[in-house]
Amino acid sequence: MIKFLDLQNINSQYSNELKQAAFEVIDSGWYLLGERVKTFEKELSAFIGTNHAVACANGLDALRLIIKAYVELGVFCEGDEIIVPANTYIATILAITDNNLKPVFVEPNIDTYNIDISLIEEKITSKTKAILIVHLYGRVCWSDQLKSIAIKNNLKIIEDNAQAIGADWNGIKTGGLGDASGFSFYPGKNLGALGDSGAVTTNDAKLAEAVRTLANYGSAQKYVNEYQGVNSRMDEIQAAFLSIKLKHLNEETLIRREVAKNYCENIKNENIVLPNSSSKEIVYSESSQHVWHLFVIRCEKRDKLIAYLSSKGIQTLIHYPIPPHKQNAYKEYNHLSLPITERIHKEVLSLPISPVIKLEEINYIVETINSYNV
Ligand SMILES: *Cc1c(COP(=O)(O)O)cnc(C)c1O
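Read on for a plain summary of the structure. (Residues numbered from 1 in each chain as written. Predicted model: local features only at pLDDT ≥ 70, side-chain atom pairs only at ≥ 80, totals over all residues. Heavy atoms only, no water.)

1. Comments concerning a nonpolar patch on the surface
Then step 1. Taken together, the side chains of Tyr31, Leu32 and Leu33 present a nonpolar region at the surface, about 270 Å² in accessible area.
Then step 2. By secondary structure assignment, the location of Leu33 is in the loop between helix H2 (15-28) and helix H3 (35-48).
Then step 3. Given a relative accessible area of 42%, Leu33 falls into the partly exposed group. (Patch = residues over 30% accessible without salt bridge, like charges linked within 9 Å, V, L, I, M, F, W, Y side chains within 5 Å. Areas by Shrake-Rupley, 256 points an atom, 1.4 Å probe, with all protein chains shown as cover. Salt bridge = Lys/Arg side-chain N within 4 Å of Asp/Glu carboxyl O. Helix = DSSP H or I, 4+ residues; strand = E, 2+ residues; numbered from the N terminus. Buried < 20%, exposed > 50% of the residue type's maximum accessible area, 1.4 Å probe, protein only.)

Next comes the structure, spelled out in structure tokens:
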């Protein structure tokens, strides 16, 4: 059976270093907000190219904290609107609603799965304060047009960079394109901890300070509370693991690109829509835009394809089966009609992709898909 993602193999590549780091943290007697977290923050901000990185507990918190910080700084108010792609993971939306702001859903582009930038301006009202973009599946969502819409309308651009660490746009890394960015180091992400972790990057010193304070009970000085904060800290042990794995991220991204290139060049089945990628995005250069967190195809009879692949020993997943506006959690948005989003959620399927997938496995997946006919 070919697993969708083999985390054990991914981490066993570095098992000696990871075990050594775990021993050092255990023996140090210091488990939260210590030198290892500081070191990882420095490494992350250097990698992304921002002035600040603030570690926190997970990716949802990273996004929640950014919005909460903008509220505390008086940039956003409760009830304000944030423009967001409709076809994202629920965390993006939760970060907005948890702060009592309102998500305004915009359809994605069917070819890139990222927010359709040409539909943003018609959604802007006097309450709109930000555009929360998602670099979905690892593909950069950015353009000069997006930036000028934000400047013209005095909007912040927040990046959900949970799936795209290492991607870049004309030499600028995602996470450094907008005003602030949230990262997830959930174990299955391209830079995965061995547990939960997240971070915020920004060039805005005031915002970084507010996020750091909010993540620590609203306290910058012990027992003195500036805001009604939350507890969202990164463990020293996770920071130590992440420092080790960050050193290998570029190599791992290049392998993901090779896998994606192999799939794109060799899967030939008219029932299947491959990711629409210019050659530039697939692999060919290190400045490529896409980091292939997920390799997502579309198929009208998706559920039949899943059953077929599963019968041949290939595990696949759906990212994501139900869009946020159709969830019970968001009954107030269930009435919205977002046909492109709904079609994507009905038709998408993610094939196995990882830095440890073997060439024989890729070849077998390609052959199996090519021999499939409805
Ligand atoms: C994983 C993910 C998150 C949330 O990250 P957690 O660390 O699981 O909280 C947010 N947005 C997107 C797009 C994600 O893929």
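2. Quick look at the nonpolar core
It is characteristic of soluble globular proteins that their nonpolar side chains tend to be buried jointly.
Then step 1. Ile67, Phe76, Ile82, Leu132 and Ile158 are the most contacted members of the largest nonpolar core, which has 33 residues in total.
Then step 2. Every element with two or more residues in this core is listed here: strand E1 (52-56), helix H4 (59-72), strand E2 (81-85), helix H5 (90-97), strand E4 (128-134) and helix H7 (205-215).
Then step 3. When sequence neighbours within four positions are dropped, the list of residues in contact with Leu132 reads Leu63, Ile67, Ile82, Ile83, Val84, Pro85, Thr92, Ile96, Ile158, Glu159 and Asp160. (Core = buried A, V, L, I, M, F, W, Y, C linked by side-chain atoms within 4.5 Å. Contact = heavy atoms within 4.5 Å.)

3. A few points about the sheet that holds strand E14 (residues 348-351)
Then step 1. Spatially, the three strands line up as an open sheet ordered E12-E13-E14, and their pairing is antiparallel. What marks the edges here is a single partner per strand, and that holds for strand E12 (272-273) and E14.
Then step 2. Relative to strand E13 (residues 295-299), E12 runs antiparallel, the two being bridged by two bridges. Opposite Val273, over in E13, you have Arg298 as the bridge partner.
Then step 3. Lying over the sheet, helix H11 (residues 302-311) contacts E12, E13 and E14, oriented at roughly 25° with respect to E14. (Pairing = 2+ DSSP bridges. Axes fitted to C-alpha atoms, helices over the stretch in contact; angles between N-to-C directions.)

4. Re helix H6 (residues 144-152)
Then step 1. Among all positions in H6, only Leu146, Ile149 and Ala150 are buried. Viewed end-on, H6 has its buried residues packed into an arc of 95°, placing them on one side of the element. Residues of H6 that are exposed and point over 90 degrees away from its buried face: Asp144, Ile151 and Lys152.
Then step 2. On its buried face, H6 sits against E4 and strand E5 (156-160).
Then step 3. Downstream of H6 by one or two residues, Asn154 has phi in the positive range, about 55°. (Arc of directions from axis to C-beta.)

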